[in-house]
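# Architecture at a glance
Letter by letter, the chains look like this.
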Amino acid sequence: DDVEFHVEEDPDPLDIEFLERQIRFEESAAMGLGEERELAIFVREGDRIVAGISGWTWGDCCELQSLWVDPSLRGQWLGARLVAAAGAEAIRRGCTQTIHFTWGFQAQPLYRRTGYELVGRVADFPSGTDVLWYRKRLAP
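Residues numbered from 1 in each chain as written. Predicted model: local features only at pLDDT ≥ 70, side-chain atom pairs only at ≥ 80, totals over all residues. Heavy atoms only, no water.

## Let's talk about unusual backbone geometry
Across residues other than glycine, the phi torsion is negative in most instances, and most of the peptide bonds are trans. In this structure, Pro 126 follows Phe 125 across a cis peptide bond, with omega equal to -10°. With respect to the helices and strands, the residue Pro 126 is situated in the loop between strand 5 (117-122) and strand 6 (131-137). In this structure, Trp 77 is a non-glycine residue whose phi angle is positive, near 65°. Considering the arrangement of structural elements, one finds Trp 77 in the loop between strand 3 (61-69) and helix 2 (78-92). Unusually for a residue other than glycine, Asp 124 sits at a positive phi of about 55°. Looking at the secondary structure, you find Asp 124 in the loop between strand 5 and strand 6. We classify Asp 124 as exposed; its relative accessible area is 53%. (Helix = DSSP H or I, 4+ residues; strand = E, 2+ residues; numbered from the N terminus. Buried < 20%, exposed > 50% of the residue type's maximum accessible area, 1.4 Å probe, protein only.)

## Topic: the pairing of strand 2 (residues 48-58)
Of all eleven residues in strand 2, eight are buried; the element is thus mostly enclosed. One ladder, built from nine bridges, connects strand 1 (residues 37-45) with strand 2; its direction is antiparallel. When the sheet's bridge partners are listed, Phe 42 is paired in strand 2 with Gly 52. Between the antiparallel neighbours strand 1 and strand 2 lie two residues, among them Gly 46 with a positive phi of about 65°. Judged from the eight bridges that link them, strand 2 and strand 3 form a sheet pairing that is antiparallel. From the neighbouring strand, Thr 57 faces strand 3, where its bridge partner is Cys 62. (Pairing = 2+ DSSP bridges.)

## Section: the pattern of salt bridges
Inspection of every chain in the model, using the stated rule, returns six salt bridges. Where Arg 135 meets Glu 117, a salt bridge forms, and the shortest distance between an N and an O atom there is 3.6 Å. A residue pair is termed long-range when its members are at least 10 positions apart, and Arg 135 in strand 6 and Glu 117 in strand 5 qualify at 18 residues. Judged by its relative accessible area of 23%, Arg 135 is partly exposed. Residue classification places Glu 117 among the partly exposed residues on the basis of a relative accessible area of 40%. Bridged by salt links that share partners, the residues Glu 45, Arg 48 and Asp 70 form one connected network. (Salt bridge = Lys/Arg side-chain N within 4 Å of Asp/Glu carboxyl O.)

## Comments concerning helix 2
Across its 15 residues, helix 2 extends 21 Å between first and last C-alpha, which sits within 8% of the 21 Å expected from 1.5 Å per residue. Within the span of helix 2, buried status applies to Leu 78, Gly 79, Ala 80, Leu 82, Val 83, Ala 86, Gly 87, Glu 89 and Ala 90. Those residues of helix 2 hidden inside the fold are in contact with strand 1, strand 2, strand 3 and helix 3 (108-113). Following helix 2 by one or two positions, Gly 94 adopts a phi angle in the positive range, close to 95°. (Expected span 1.5 Å × (residues − 1). Contact = heavy atoms within 4.5 Å.)

## Some remarks on a nonpolar patch on the surface
A surface patch of nonpolar side chains, about 270 Å² in accessible area, is lined by Ile 16, Phe 18 and Leu 19. With respect to the helices and strands, the residue Ile 16 is situated in helix 1 (residues 13-31). (Patch = residues over 30% accessible without salt bridge, like charges linked within 9 Å, V, L, I, M, F, W, Y side chains within 5 Å. Areas by Shrake-Rupley, 256 points an atom, 1.4 Å probe, with all protein chains shown as cover.)

## Brief notes about the sheet that holds strand 5
The sheet built from six strands is open, its strands ordered 1-2-3-4-6-5 with mixed pairing. The open sheet is flanked by strand 1 and strand 5, the only strands paired with a single partner. When strand polarity is set aside, the average angle formed by the axes of neighbouring strands in this sheet is 20°. (Axes fitted to C-alpha atoms, helices over the stretch in contact; angles between N-to-C directions.)

Set out below in structure tokens:
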């Protein structure tokens, strides 16, 4: 079999989107849970994003993937308020749980304060920190 592999350090975002779309299509067909839906909430000052959270919902689950607050706005509970807003939207979409993937050097106290429990850890990923999975059960 003459299959050629092409390693790409800077792949076309449309090629990555193609892979993700194919996976979502097969997952949706296999599980019967409908389509995955993007979820994003932003705080803007004019045209500039100063904070935001994003992820997706699928069936009764939500994964929050990215949470960022501009350093000048930290310490005002904006991250916790974004997490709460995303949880409220997940509930509105019928989700019963939400998960968030983060690293050990990041906002662990934020997740504990907002009702998340640590459900998974991979040590030294990458070296010097741990990757963490937090989960929160959602009640309508």
